[in-house]
Amino acid sequence: MAERRRDFCIECRKETEYILQKKDIVKKIKDKNYTFTITIAVCMECGEEMSIPGLIDKNIREIDEQYRAAEGLVSIDDIEKFMKIYKLGKAPLSLAIGFGEITIPRYLEGQVPSKEYSDIIKTALSSPKYMKKKLVENREKLTDAAYRKAFAAAESIERLFSVSDKMLRVIAYIFEKLEEITPLMLQKLLYFIQGVYSALYGRPIFEEDCRAWVHGPVYPEVYELFRDFKYNPIEDARFALLNGTKDALTDNEKRVIELVVNTFGMYGGKVLEKITHNEEPWIEARKGYGDSIPSNEILSKERIMQYYTITNQKYGIGTEQGLQRYIHDMLDKAA
Ligand SMILES: [Zn+2]
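Residues numbered from 1 in each chain as written. Predicted model: local features only at pLDDT ≥ 70, side-chain atom pairs only at ≥ 80, totals over all residues. Heavy atoms only, no water.

Draft legend 1. Representation of helix α11 (residues 251-263) within the structure. Here α11 is 13 residues long and its end C-alpha atoms lie 18 Å apart, about the 18 Å a rise of 1.5 Å per residue gives. Looking at α11, one finds that the buried residues are Glu253, Lys254, Val256, Ile257, Leu259, Val260, Val261 and Thr263. Close packing links the buried residues of α11 with α8 (165-177), α9 (183-201) and α15 (320-334). (Helix = DSSP H or I, 4+ residues; strand = E, 2+ residues; numbered from the N terminus. Expected span 1.5 Å × (residues − 1). Buried < 20%, exposed > 50% of the residue type's maximum accessible area, 1.4 Å probe, protein only. Contact = heavy atoms within 4.5 Å.)

Draft legend 2. Highlighting the sheet that holds strand β1 (residues 5-9). Taking strand neighbours across the sheet as the criterion, the four strands line up as β1-β2-β3-β4 in an open arrangement whose pairing is antiparallel. Two strands lie at the open edges of the sheet, namely β1 and β4 (49-50), each paired on one side alone. (Pairing = 2+ DSSP bridges.)

Draft legend 3. Geometry of the sheet that holds strand β5 (residues 210-213). Strand order in the open sheet made by the three strands is β6-β5-β7, with antiparallel pairing throughout. Each edge of the open sheet carries a strand with a single partner, namely β6 (216-218) and β7 (298-299). In this sheet, β7 lies alongside β5 in antiparallel orientation, the contact comprising two bridges. Pairing of Arg211 across the sheet is with Ile298, part of β7. Contacting β5, β6 and β7, α9 runs over the sheet at an angle of about 85° to β6. (Axes fitted to C-alpha atoms, helices over the stretch in contact; angles between N-to-C directions.)

Draft legend 4. Highlighting the pattern of salt bridges. The full count for this structure, using the stated rule, is 21 salt bridges. The salt bridge partner of Glu17 is Arg6, with a shortest N-O separation of 3.7 Å. Placement of Glu17 in strand β2 (residues 14-29) and of Arg6 in strand β1 is noted, with a sequence separation of 11 residues between them. Given a relative accessible area of 18%, Glu17 falls into the buried group. The closest approach of N and O atoms between Glu71 and Lys32, which form a salt bridge, is 2.8 Å. Remark: Lys32 occurs in strand β3 (residues 32-43) and Glu71 occurs in helix α1 (residues 55-71); sequence separation between them is 39 residues. Ionic contacts of the salt-bridge type, sharing partners, join the residues Arg6, Glu15 and Glu17 into one network. (Salt bridge = Lys/Arg side-chain N within 4 Å of Asp/Glu carboxyl O.)

Draft legend 5. Examining the packing of α9 against helix α12 (residues 269-277) more closely. Put simply, α9 and α12 touch, their axes get as near as 8 Å, and they point 40° apart. By the angle between their axes, α9 is oblique relative to α12. In the packing of α9 onto α12, the handedness of the crossing is left-handed. In this structure, α9 contributes Leu184, Met185, Lys188, Leu189, Tyr191 and Phe192 to the contact, and α12 contributes Gly269, Lys270, Leu272, Glu273, Ile275 and Thr276. Along the lines of polarity and charge, the residues of the contact of α9 with α12 split into seven nonpolar, two polar and three charged. (Parallel < 35°, antiparallel > 145°, perpendicular 65-115°, else oblique. Left-handed = near helix turned anticlockwise from the far one by under 90°. Nonpolar A, V, L, I, M, F, W, Y, C, P; charged D, E, K, R; others polar.)

Draft legend 6. The arrangement of the packing of α9 against α11 in detail. For the pair α9 and α11, interaxial distance at closest approach is 9 Å and the crossing angle is 130°. With respect to their mutual orientation, α9 and α11 come out oblique. Considering only the axes of α9 and α11, their crossing is right-handed. When α9 is examined against α11, the residues Leu189, Phe192, Ile193, Val196, Tyr197, Leu200 and Tyr201 are found in contact with a partner set consisting of Asn252, Glu253, Arg255, Val256, Ile257, Leu259 and Val260. The residue inventory of the contact of α9 with α11, partitioned by class, reads 11 nonpolar, one polar and two charged.

Draft legend 7. Representation of the pairing of β3. With 12 bridges joining them, β2 and β3 adopt antiparallel strand pairing. When the sheet's bridge partners are listed, Leu20 is paired in β3 with Ala41. Hairpin connection, β2 to β3: the antiparallel pair is bridged by two residues, and Lys30 has positive phi, about 45°. Adjacent in sequence and paired antiparallel, β3 and β4 are bridged by five residues, among which Gly47 carries a positive phi angle near 80°.

The structure is reproduced here in structure tokens:
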């Protein structure tokens, strides 16, 4: 149930309880009708709409966002991400993409960009290559330091594309579902996702091979992407680029990611590492290597699929309950 809220109702002439509801309204902007969903407060005693502090501002923001979405225009949020990703202030960013110095600052204050300018921002936001071109074109308008920082950022974003598209989208979806995740934990979840998906659907979800490193299976390309975060939670502005691209995953893929995030994802990286250390594919790949001896042996996708197919027959890992049973058994083994 929603939390109970109270405020003054002018109809009832006293303080009453109210509930928040969604309401569709039609508004005409530049001769075109748009339907927007806004939030209203309704008095629980008389049923009239109440005016609550903050609600009008919230609705102005919601209408603005919905209008931009309907017109395919870049949002203020996106522009803020853009600044963060390229480590540029609003005026330098404006100059970097060939706009006047005050254009981006105005957009941040709420002015709606034209379709043409909006498209330039969207392209720059989704293509580091295009951004590099813009930076080179406008180099003399920027300080040397700003240019170098932004250019380095573009190159670091390009590195994202060294992993497969599928892998990126899986990672982006995990980031969306999990509040906090370290590189170690991410590596383990990717491995479990590969295992569960291939057991349920008879083929791997992504093409990358993982390696039997000391701390369990690791996808080296993904390791490279996040190595700077070490043991800390990943906070990667680059991934803002992938927001909204999760739709490129199939329903089955999303289902498996959710299954793994809702089960394995409840444990820390070290616990997950223990589980992988007790699984046959990892034990076999590590044969002949001492506990702390580095190895680059591949845990083949076929072996992972085979192991998880048998695990599926035993536990039914197509459900969260089945996966929980498997996890508990593996943790008992490790204890
Ligand atoms: Zn009332």
